[in-house]
Amino acid sequence: MAATGDSTCYDRKAELKAFDETKGGVKALVDAGIQEIPRIFIHQPEPLPKSSTPFEIPILDLGSTDRASTVEKIREASETLGFFQVVNHGIPVTVMNEVIQGVRRFHEQDVEVKKRFYTRDPSNAVVYHSNFDLYTSPAAAWRDTFYTFMAPSPPSPEELPEVCRDIQIEYSNHVMKLGGVLFGLISEALNLNPSHLSDLDCDKGLAFFGHYYPACPQPDLTMGATKHSDYGFLTVLLQDEVGGLQILNNNQWIDVPPTPGALVINIGDILQMMSNDKLKSVEHRVVAKEEGPRVSVACFFSTSLAPLTALYGPIKELVSDENPPRYRETTVHDYIQYSFYREVDGVSGLLHFKL
Ligand code: OGA
Ligand code: NI
(Lines give C-alpha, C1' and ligand atoms only; values in the text may rest on other atoms or scores of the structure.)
(Ligands and ions follow the chains in the order given, each with its own letter.)
Protein backbone atom coordinates (compact mmCIF):
# COMPACT_ATOMS: atom_id res chain seq x y z
CA MET A 1 0.00 0.00 0.00
CA ALA A 2 1.25 3.49 -0.78
CA ALA A 3 2.05 5.79 2.10
CA THR A 4 -0.93 7.91 3.07
CA GLY A 5 -1.50 11.00 5.11
CA ASP A 6 -2.84 8.77 7.89
CA SER A 7 -1.18 10.05 11.04
CA THR A 8 -1.26 6.63 12.72
CA CYS A 9 1.44 5.32 10.36
CA TYR A 10 4.20 7.71 11.42
CA ASP A 11 5.04 10.64 13.62
CA ARG A 12 3.22 13.09 11.40
CA LYS A 13 3.41 15.93 13.90
CA ALA A 14 7.21 15.73 14.01
CA GLU A 15 7.45 15.76 10.22
CA LEU A 16 5.09 18.73 9.98
CA LYS A 17 7.15 20.59 12.55
CA ALA A 18 10.42 19.81 10.78
CA PHE A 19 8.96 21.10 7.51
CA ASP A 20 7.56 24.22 9.23
CA GLU A 21 10.89 24.96 10.87
CA THR A 22 12.74 25.06 7.56
CA LYS A 23 10.74 28.28 6.88
CA GLY A 24 11.44 27.60 3.22
CA GLY A 25 8.00 26.31 2.35
CA VAL A 26 7.22 23.93 -0.49
CA LYS A 27 9.42 26.00 -2.78
CA ALA A 28 12.56 25.03 -0.85
CA LEU A 29 11.70 21.33 -1.27
CA VAL A 30 11.42 21.79 -5.00
CA ASP A 31 14.60 23.87 -5.14
CA ALA A 32 16.40 21.05 -3.32
CA GLY A 33 15.44 18.79 -6.22
CA ILE A 34 13.16 16.30 -4.47
CA GLN A 35 11.60 13.79 -6.88
CA GLU A 36 9.14 12.25 -4.44
CA ILE A 37 6.86 14.38 -2.34
CA PRO A 38 7.13 14.00 1.47
CA ARG A 39 4.29 11.93 2.91
CA ILE A 40 2.80 14.86 4.85
CA PHE A 41 1.57 16.09 1.43
CA ILE A 42 -0.12 12.88 0.32
CA HIS A 43 -3.89 13.20 0.05
CA GLN A 44 -6.59 10.57 0.09
CA PRO A 45 -8.00 10.18 -3.42
CA GLU A 46 -10.88 12.58 -4.08
CA PRO A 47 -14.09 10.63 -4.62
CA LEU A 48 -15.84 13.18 -6.84
CA PRO A 49 -15.22 13.04 -10.59
CA LYS A 50 -14.06 15.75 -12.90
CA SER A 51 -16.69 16.89 -15.35
CA SER A 52 -16.16 15.39 -18.77
CA THR A 53 -17.97 18.20 -20.57
CA PRO A 54 -16.38 21.62 -20.78
CA PHE A 55 -18.22 24.19 -18.73
CA GLU A 56 -18.11 27.94 -19.20
CA ILE A 57 -17.81 30.18 -16.18
CA PRO A 58 -19.80 33.29 -17.21
CA ILE A 59 -17.76 36.34 -18.15
CA LEU A 60 -19.42 39.67 -17.34
CA ASP A 61 -18.49 42.90 -19.04
CA LEU A 62 -18.45 45.54 -16.32
CA GLY A 63 -18.03 48.18 -19.02
CA SER A 64 -21.51 47.38 -20.34
CA THR A 65 -24.05 50.17 -20.13
CA ASP A 66 -26.88 47.67 -19.76
CA ARG A 67 -26.84 47.55 -15.97
CA ALA A 68 -30.04 45.55 -15.69
CA SER A 69 -28.56 42.80 -17.80
CA THR A 70 -25.30 42.80 -15.79
CA VAL A 71 -27.26 42.55 -12.53
CA GLU A 72 -29.31 39.69 -13.94
CA LYS A 73 -26.19 37.77 -15.01
CA ILE A 74 -24.59 38.28 -11.61
CA ARG A 75 -27.74 37.05 -9.91
CA GLU A 76 -27.89 33.96 -12.11
CA ALA A 77 -24.21 33.09 -11.61
CA SER A 78 -24.18 33.83 -7.87
CA GLU A 79 -27.27 31.71 -7.24
CA THR A 80 -25.93 28.69 -9.08
CA LEU A 81 -22.17 28.44 -9.63
CA GLY A 82 -21.21 30.93 -6.94
CA PHE A 83 -18.48 32.06 -9.36
CA PHE A 84 -18.24 34.42 -12.30
CA GLN A 85 -15.52 36.31 -14.14
CA VAL A 86 -15.34 40.00 -14.94
CA VAL A 87 -13.66 41.95 -17.75
CA ASN A 88 -13.52 45.74 -18.26
CA HIS A 89 -13.29 45.89 -14.47
CA GLY A 90 -11.09 48.97 -14.40
CA ILE A 91 -7.85 47.31 -13.27
CA PRO A 92 -5.19 47.88 -15.95
CA VAL A 93 -3.59 44.77 -17.44
CA THR A 94 -0.18 46.18 -16.55
CA VAL A 95 -1.17 46.31 -12.88
CA MET A 96 -2.49 42.74 -13.05
CA ASN A 97 0.71 41.47 -14.63
CA GLU A 98 2.88 43.41 -12.20
CA VAL A 99 1.12 42.12 -9.11
CA ILE A 100 1.57 38.52 -10.30
CA GLN A 101 5.25 39.29 -10.87
CA GLY A 102 5.48 40.97 -7.46
CA VAL A 103 4.07 37.91 -5.68
CA ARG A 104 6.45 35.75 -7.65
CA ARG A 105 9.36 37.98 -6.63
CA PHE A 106 8.34 37.63 -2.98
CA HIS A 107 8.44 33.86 -3.10
CA GLU A 108 11.59 33.74 -5.25
CA GLN A 109 13.62 36.30 -3.31
CA ASP A 110 16.63 35.47 -1.19
CA VAL A 111 15.51 32.78 1.27
CA GLU A 112 17.16 34.48 4.22
CA VAL A 113 15.18 37.67 3.60
CA LYS A 114 11.95 35.76 2.98
CA LYS A 115 12.35 33.72 6.17
CA ARG A 116 12.09 36.86 8.27
CA PHE A 117 8.42 37.00 7.30
CA TYR A 118 7.74 33.33 8.16
CA THR A 119 5.27 33.16 11.04
CA ARG A 120 2.02 31.66 12.29
CA ASP A 121 1.20 34.76 14.29
CA PRO A 122 -1.76 36.41 12.52
CA SER A 123 -1.02 39.74 14.21
CA ASN A 124 2.13 40.25 12.11
CA ALA A 125 1.79 42.83 9.34
CA VAL A 126 2.94 40.27 6.80
CA VAL A 127 2.39 36.58 7.37
CA TYR A 128 4.32 34.18 5.15
CA HIS A 129 4.07 30.44 5.64
CA SER A 130 3.15 27.20 3.96
CA ASN A 131 -0.33 25.87 4.75
CA PHE A 132 -2.28 28.03 7.24
CA ASP A 133 -3.82 24.79 8.52
CA LEU A 134 -0.60 22.74 8.45
CA TYR A 135 -1.18 21.17 11.88
CA THR A 136 -4.92 20.57 11.57
CA SER A 137 -5.56 19.43 8.01
CA PRO A 138 -5.46 15.74 7.05
CA ALA A 139 -2.79 16.46 4.42
CA ALA A 140 -0.68 19.46 3.54
CA ALA A 141 -1.16 21.32 0.25
CA TRP A 142 1.53 22.03 -2.33
CA ARG A 143 1.42 25.77 -1.79
CA ASP A 144 3.17 28.67 -0.03
CA THR A 145 1.41 31.94 0.80
CA PHE A 146 1.99 35.38 2.20
CA TYR A 147 -0.79 37.69 3.27
CA THR A 148 -1.48 41.16 4.57
CA PHE A 149 -4.64 42.95 5.70
CA MET A 150 -4.66 45.98 3.40
CA ALA A 151 -7.89 47.62 4.59
CA PRO A 152 -9.32 49.19 6.67
CA SER A 153 -5.99 49.78 8.44
CA PRO A 154 -3.05 48.88 6.19
CA PRO A 155 0.41 48.46 7.64
CA SER A 156 2.90 51.19 6.86
CA PRO A 157 4.63 50.58 3.51
CA GLU A 158 7.96 49.89 5.24
CA GLU A 159 6.42 46.85 6.92
CA LEU A 160 5.51 45.31 3.55
CA PRO A 161 8.03 43.18 1.63
CA GLU A 162 10.40 45.46 -0.24
CA VAL A 163 10.21 43.39 -3.45
CA CYS A 164 6.48 43.92 -3.94
CA ARG A 165 5.19 46.62 -1.59
CA ASP A 166 4.42 49.24 -4.23
CA ILE A 167 2.40 46.96 -6.44
CA GLN A 168 0.69 45.32 -3.44
CA ILE A 169 -0.59 48.75 -2.41
CA GLU A 170 -1.52 49.80 -5.94
CA TYR A 171 -3.34 46.57 -6.76
CA SER A 172 -5.21 46.56 -3.45
CA ASN A 173 -6.41 50.12 -4.07
CA HIS A 174 -7.80 49.02 -7.41
CA VAL A 175 -9.50 45.98 -5.88
CA MET A 176 -11.12 48.18 -3.21
CA LYS A 177 -12.65 50.31 -5.96
CA LEU A 178 -13.81 47.22 -7.84
CA GLY A 179 -15.34 45.94 -4.60
CA GLY A 180 -17.50 49.05 -4.43
CA VAL A 181 -18.81 48.28 -7.91
CA LEU A 182 -19.37 44.58 -7.25
CA PHE A 183 -21.17 45.03 -3.92
CA GLY A 184 -23.44 47.59 -5.64
CA LEU A 185 -24.33 45.09 -8.37
CA ILE A 186 -24.79 42.23 -5.90
CA SER A 187 -27.02 44.40 -3.69
CA GLU A 188 -29.20 45.02 -6.73
CA ALA A 189 -29.13 41.34 -7.64
CA LEU A 190 -30.64 40.75 -4.18
CA ASN A 191 -33.31 43.44 -4.89
CA LEU A 192 -31.77 45.67 -2.25
CA ASN A 193 -30.83 49.31 -2.42
CA PRO A 194 -27.48 49.52 -4.34
CA SER A 195 -25.65 50.77 -1.25
CA HIS A 196 -27.06 48.11 1.10
CA LEU A 197 -24.01 45.84 1.29
CA SER A 198 -21.64 48.77 1.39
CA ASP A 199 -23.68 50.31 4.23
CA LEU A 200 -23.12 47.04 6.09
CA ASP A 201 -19.34 47.52 5.55
CA CYS A 202 -18.94 44.48 3.28
CA ASP A 203 -16.55 46.47 1.08
CA LYS A 204 -14.45 47.96 3.88
CA GLY A 205 -11.97 45.20 4.76
CA LEU A 206 -9.51 43.57 2.37
CA ALA A 207 -6.95 40.80 2.86
CA PHE A 208 -4.32 40.33 0.15
CA PHE A 209 -3.06 36.74 -0.26
CA GLY A 210 -0.14 36.01 -2.60
CA HIS A 211 -0.11 32.30 -3.40
CA TYR A 212 2.73 30.33 -4.98
CA TYR A 213 2.16 26.78 -6.22
CA PRO A 214 5.54 25.26 -7.11
CA ALA A 215 5.85 22.69 -9.88
CA CYS A 216 5.08 19.29 -8.36
CA PRO A 217 6.94 16.08 -9.26
CA GLN A 218 3.96 13.88 -8.27
CA PRO A 219 0.88 16.02 -8.87
CA ASP A 220 -1.59 13.15 -8.68
CA LEU A 221 -0.71 12.46 -5.04
CA THR A 222 -1.38 15.92 -3.65
CA MET A 223 -3.36 19.15 -4.10
CA GLY A 224 -2.38 22.77 -4.63
CA ALA A 225 -5.28 23.86 -2.45
CA THR A 226 -7.65 21.46 -0.73
CA LYS A 227 -11.40 21.70 -1.23
CA HIS A 228 -12.79 24.70 0.69
CA SER A 229 -15.19 27.59 0.49
CA ASP A 230 -14.05 31.14 1.22
CA TYR A 231 -15.02 32.57 4.60
CA GLY A 232 -15.57 36.25 3.91
CA PHE A 233 -18.07 38.26 1.90
CA LEU A 234 -16.52 38.10 -1.57
CA THR A 235 -13.25 37.03 -3.20
CA VAL A 236 -11.49 38.65 -6.16
CA LEU A 237 -9.01 36.18 -7.61
CA LEU A 238 -6.33 36.87 -10.17
CA GLN A 239 -4.70 33.74 -11.56
CA ASP A 240 -1.77 33.50 -13.95
CA GLU A 241 -1.83 31.42 -17.14
CA VAL A 242 -0.98 28.01 -15.61
CA GLY A 243 -4.49 27.01 -14.51
CA GLY A 244 -5.60 24.41 -11.98
CA LEU A 245 -8.52 26.12 -10.23
CA GLN A 246 -11.65 23.97 -10.13
CA ILE A 247 -15.08 24.52 -8.62
CA LEU A 248 -17.66 22.00 -7.49
CA ASN A 249 -20.89 21.95 -9.46
CA ASN A 250 -23.47 19.16 -9.28
CA ASN A 251 -20.90 16.92 -7.58
CA GLN A 252 -18.44 17.34 -10.42
CA TRP A 253 -15.26 19.37 -10.55
CA ILE A 254 -15.19 21.93 -13.33
CA ASP A 255 -12.13 23.86 -14.50
CA VAL A 256 -11.90 27.62 -14.31
CA PRO A 257 -9.42 28.07 -17.18
CA PRO A 258 -7.38 31.27 -17.05
CA THR A 259 -8.94 34.02 -19.16
CA PRO A 260 -6.42 36.77 -20.01
CA GLY A 261 -7.47 40.08 -18.51
CA ALA A 262 -10.31 38.58 -16.46
CA LEU A 263 -10.71 38.37 -12.70
CA VAL A 264 -12.53 35.50 -11.01
CA ILE A 265 -15.14 36.56 -8.45
CA ASN A 266 -16.78 34.25 -5.94
CA ILE A 267 -19.33 34.54 -3.18
CA GLY A 268 -18.04 33.85 0.35
CA ASP A 269 -19.70 32.08 3.27
CA ILE A 270 -20.85 35.22 5.08
CA LEU A 271 -22.56 36.59 1.98
CA GLN A 272 -24.33 33.25 1.53
CA MET A 273 -25.47 33.56 5.13
CA MET A 274 -26.62 37.19 4.68
CA SER A 275 -28.56 36.23 1.55
CA ASN A 276 -30.24 33.42 3.50
CA ASP A 277 -28.76 30.88 1.06
CA LYS A 278 -29.91 32.70 -2.07
CA LEU A 279 -26.29 33.26 -3.13
CA LYS A 280 -23.93 30.31 -2.97
CA SER A 281 -20.47 30.08 -1.44
CA VAL A 282 -19.20 27.22 -3.56
CA GLU A 283 -16.38 24.83 -2.78
CA HIS A 284 -13.30 24.99 -4.93
CA ARG A 285 -9.75 23.67 -5.02
CA VAL A 286 -6.53 23.96 -6.97
CA VAL A 287 -5.01 20.81 -8.45
CA ALA A 288 -1.24 20.39 -8.29
CA LYS A 289 0.60 20.40 -11.60
CA GLU A 290 3.87 19.21 -13.02
CA GLU A 291 4.28 22.62 -14.60
CA GLY A 292 4.86 25.65 -12.49
CA PRO A 293 5.16 27.69 -10.52
CA ARG A 294 1.59 28.92 -10.62
CA VAL A 295 1.02 32.30 -9.00
CA SER A 296 -2.31 33.75 -7.90
CA VAL A 297 -3.52 36.71 -5.88
CA ALA A 298 -6.67 36.19 -3.83
CA CYS A 299 -8.18 39.34 -2.31
CA PHE A 300 -10.80 38.62 0.32
CA PHE A 301 -13.37 41.21 1.27
CA SER A 302 -13.81 40.51 4.94
CA THR A 303 -13.23 42.29 8.21
CA SER A 304 -11.16 39.25 9.02
CA LEU A 305 -9.51 38.84 12.35
CA ALA A 306 -10.31 42.31 13.64
CA PRO A 307 -12.66 41.79 16.58
CA LEU A 308 -15.36 44.10 15.29
CA THR A 309 -18.69 43.78 16.99
CA ALA A 310 -21.04 44.16 14.00
CA LEU A 311 -23.34 41.17 13.71
CA TYR A 312 -24.05 39.50 10.37
CA GLY A 313 -26.92 37.21 9.61
CA PRO A 314 -29.74 36.91 7.09
CA ILE A 315 -30.69 40.42 5.88
CA LYS A 316 -34.15 41.24 7.17
CA GLU A 317 -35.42 42.42 3.77
CA LEU A 318 -34.61 38.94 2.46
CA VAL A 319 -36.51 36.90 5.02
CA SER A 320 -40.24 36.46 5.51
CA ASP A 321 -42.73 34.10 7.11
CA GLU A 322 -42.36 31.84 4.09
CA ASN A 323 -38.58 32.20 4.04
CA PRO A 324 -37.51 32.38 7.69
CA PRO A 325 -33.88 33.08 8.63
CA ARG A 326 -31.73 29.97 8.29
CA TYR A 327 -28.79 31.24 10.33
CA ARG A 328 -28.11 32.85 13.65
CA GLU A 329 -26.15 36.06 13.62
CA THR A 330 -22.41 36.12 14.11
CA THR A 331 -19.56 38.58 13.99
CA VAL A 332 -17.12 38.12 11.13
CA HIS A 333 -14.46 37.61 13.77
CA ASP A 334 -16.31 34.72 15.41
CA TYR A 335 -17.18 33.16 12.08
CA ILE A 336 -13.59 33.19 10.91
CA GLN A 337 -12.23 32.05 14.25
CA TYR A 338 -14.59 29.11 14.12
CA SER A 339 -13.90 28.24 10.49
CA PHE A 340 -10.17 28.91 10.53
CA TYR A 341 -9.14 27.15 13.68
CA ARG A 342 -11.41 24.13 13.78
CA GLU A 343 -10.16 20.83 12.41
CA VAL A 344 -10.52 21.36 8.69
CA ASP A 345 -12.65 18.55 7.37
CA GLY A 346 -13.99 19.93 4.11
CA VAL A 347 -17.37 20.65 5.69
CA SER A 348 -18.49 24.26 5.42
CA GLY A 349 -18.31 26.27 8.63
CA LEU A 350 -21.77 27.60 7.74
CA LEU A 351 -23.40 24.45 9.09
CA HIS A 352 -22.36 25.42 12.61
CA PHE A 353 -24.40 28.62 12.36
CA LYS A 354 -27.57 27.06 10.90
CA LEU A 355 -30.76 27.47 12.87
C1 OGA B 1 -8.14 30.92 -1.99
C2 OGA B 1 -8.25 30.19 -3.27
C3 OGA B 1 -7.42 29.81 -5.50
C4 OGA B 1 -6.22 30.09 -6.32
O5 OGA B 1 -7.12 31.58 -1.77
O6 OGA B 1 -9.09 30.81 -1.18
O7 OGA B 1 -9.19 29.48 -3.46
O8 OGA B 1 -6.34 29.94 -7.53
N9 OGA B 1 -7.30 30.38 -4.19
O10 OGA B 1 -5.16 30.40 -5.77
NI1 NI C 1 -10.70 29.92 -2.01
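Residues numbered from 1 in each chain as written. Chains lettered and ligands numbered in written order. Predicted model: local features only at pLDDT ≥ 70, side-chain atom pairs only at ≥ 80, totals over all residues. Heavy atoms only, no water.

(A) Geometry of the overall build of the protein. Helices and strands together make up the secondary structure of the protein, namely 9 helices and 14 strands. The C-alpha radius of gyration computed for the protein amounts to 20 Å, which stays within 12% of the reference 20 Å derived for 355 residues, consistent with globular compactness. Carbon and sulfur atoms make up 52% of the accessible area of the protein, which totals about 15900 Å². Across the protein, the centroid of the 31 positively charged side chains sits 2 Å from that of the 47 negatively charged ones. (Helix = DSSP H or I, 4+ residues; strand = E, 2+ residues; numbered from the N terminus. Rg over C-alpha atoms; globule rule 2.2 N^0.38 Å. Areas by Shrake-Rupley, 256 points an atom, 1.4 Å probe, with all protein chains shown as cover. Lys, Arg positive; Asp, Glu negative; His and termini not counted. Charge placed at Lys NZ, Arg CZ, Asp CG, Glu CD.)

(B) Main features of the packing of helix 4 (residues 93-108) against helix 6 (residues 165-189). Direction vectors running N to C along helix 4 and helix 6 enclose 135 degrees, while the axes themselves pass 9 Å from each other. Of the possible angle classes, the one that applies to helix 4 and helix 6 is oblique. Here helix 4 runs over helix 6; the crossing is left-handed. Along the contact surface, helix 4 presents V95, E98, V99, G102 and R105, while helix 6 presents I167, E170, Y171 and H174. A class-by-class count of the residues in the contact of helix 4 with helix 6 yields 4 nonpolar, 2 polar and 3 charged. (Axes fitted to C-alpha atoms, helices over the stretch in contact; angles between N-to-C directions. Parallel < 35°, antiparallel > 145°, perpendicular 65-115°, else oblique. Left-handed = near helix turned anticlockwise from the far one by under 90°. Contact = heavy atoms within 4.5 Å. Nonpolar A, V, L, I, M, F, W, Y, C, P; charged D, E, K, R; others polar.)

(C) Focus on the coordination of the nickel ion (ligand 2). Surrounding the nickel ion (ligand 2) are the protein donor atoms H228 (NE2), D230 (OD) and H284 (NE2), at 2.0 to 2.1 Å. Within one chain, the residues donating to the nickel ion (ligand 2) are spaced in sequence as H-x1-D-x53-H. A residue is classified by how much of its surface remains accessible, and H228, at 27% relative accessible area, is partly exposed. With a relative accessible area of 5%, D230 lands in the buried category. (Donors = N, O, S within 2.8 Å, 3.2 Å for Na, K, Ca; no water. Buried < 20%, exposed > 50% of the residue type's maximum accessible area, 1.4 Å probe, protein only.)

(D) Main features of the nonpolar core. In this structure, Y171, L234, V236 and L263 are the most contacted members of the largest nonpolar core, which totals 66 residues. Broken down by element, this core gets its largest block of residues, 9 residues, from helix 6. Residues V127, F209, Y213 and L245 belong to the second largest nonpolar core, which totals 19 residues. (Core = buried A, V, L, I, M, F, W, Y, C linked by side-chain atoms within 4.5 Å.)

(E) Just the site of ligand 1, in detail. Every residue lining ligand 1 is accounted for by R143, H211, Y213, H228, D230, L237, H284, V286, R294, S296, A298 and F300. Take H211: an N or O atom from its side chain is 2.7 Å from an oxygen atom of ligand 1. For ligand 1, whose free accessible area comes to 290 Å², the fraction covered by protein is 95%. Within the residue set of the shell around ligand 1, elements represented by two or more residues are strand 5 (206-213), strand 11 (284-287) and strand 12 (294-301). (Near = heavy atom within 4 Å. Polar contact = N/O pair within 3.5 Å; in protein donor to acceptor, adjacent residues only side chain to side chain.)

(F) Structural view of the environment of G268. The residue G268 is located in the loop between strand 10 (263-267) and helix 8 (269-274) in this model. Between the alpha carbons of G268 and S78 there is a distance of 10 Å; along the sequence they are 190 residues apart. Apart from the residues lying within four places of it in its own chain, the contact partners of G268 are D230, G232, F233, L234 and S281.

(G) Expanded view of the side chain of K114. Along the chain, K114 falls in helix 5 (residues 111-115). Here H107 takes part through its backbone oxygen, which lies 2.8 Å from a polar atom of the side chain of K114.

(H) Representation of the packing of aromatic side chains within the structure. In total, this model carries 15 aromatic pairs according to the counting rule given. Counting every residue linked through ring pairs, the aromatic cluster contains F106, F117, Y118, Y128, F146, Y171 and F208. The ring of W253 has R285 sitting right over it, with the charged end atom 4.1 Å from the ring centre. (Phe/Tyr/Trp six-rings, centres within 6.5 Å; stacked < 30°, edge-to-face > 60°. Lys NZ or Arg CZ within 6 Å of the ring centre and 35° of its normal.)

(I) Just helix 3 (residues 67-80), in detail. The first and last C-alpha atoms of helix 3 sit 20 Å apart over 14 residues, in line with the 20 Å expected at 1.5 Å per residue. Taken together, the buried positions of helix 3 are T70, V71, I74, R75, A77 and S78. Contact partners of the buried residues in helix 3: strand 1 (59-61), strand 2 (83-87), helix 6 and strand 10. (Expected span 1.5 Å × (residues − 1).)

(J) Quick peek at the confidence of the model for the protein. Of the residues in the protein, 94% reach a pLDDT of 70 or more, and the chain-wide mean stands at 93. A low-confidence stretch, residues 1-5 stays under pLDDT 50, and its non-local contacts, those more than four residues away or across chains, total 11 contacts. (pLDDT = per-residue confidence, 0-100.)

(K) The pairing of strand 5, seen in detail. Most of strand 5 is tucked away, with 8 of its 8 residues classed as buried. Side chains L206, F208, G210 and Y212 project from strand 5 onto one buried face, and the interleaved A207, F209, H211 and Y213 project onto a second face that is buried too. Alignment of strand 5 against strand 12, held across 8 bridges, turns out to be antiparallel. Its bridge partner being in strand 12, Y213 is matched across the sheet by R294. (Pairing = 2+ DSSP bridges.)

(L) Quick look at the sheet that holds strand 11. In space, the 4 strands of this open sheet follow the order 6-11-8-9, with antiparallel pairing throughout. A single partner strand is all that each edge strand has here, and the edge strands are strand 6 (223-228) and strand 9 (252-255). Each adjacent strand pair in this sheet contributes to an overall mean axis angle of 30 degrees, direction not counted. Direction of pairing for strand 6 relative to strand 11: antiparallel, over a ladder of 3 bridges.

(M) Just helix 1 (residues 12-22), in detail. Within helix 1, burial applies to R12, L16, F19 and D20. In an axial view of helix 1, the angular spread of the buried residues amounts to 100 degrees, which keeps them on one side of the axis. Elements that come into contact with the buried residues of helix 1 comprise helix 2 (25-31). Just beyond helix 1, the residue with positive phi is K23, at close to 55 degrees. (Arc of directions from axis to C-beta.)

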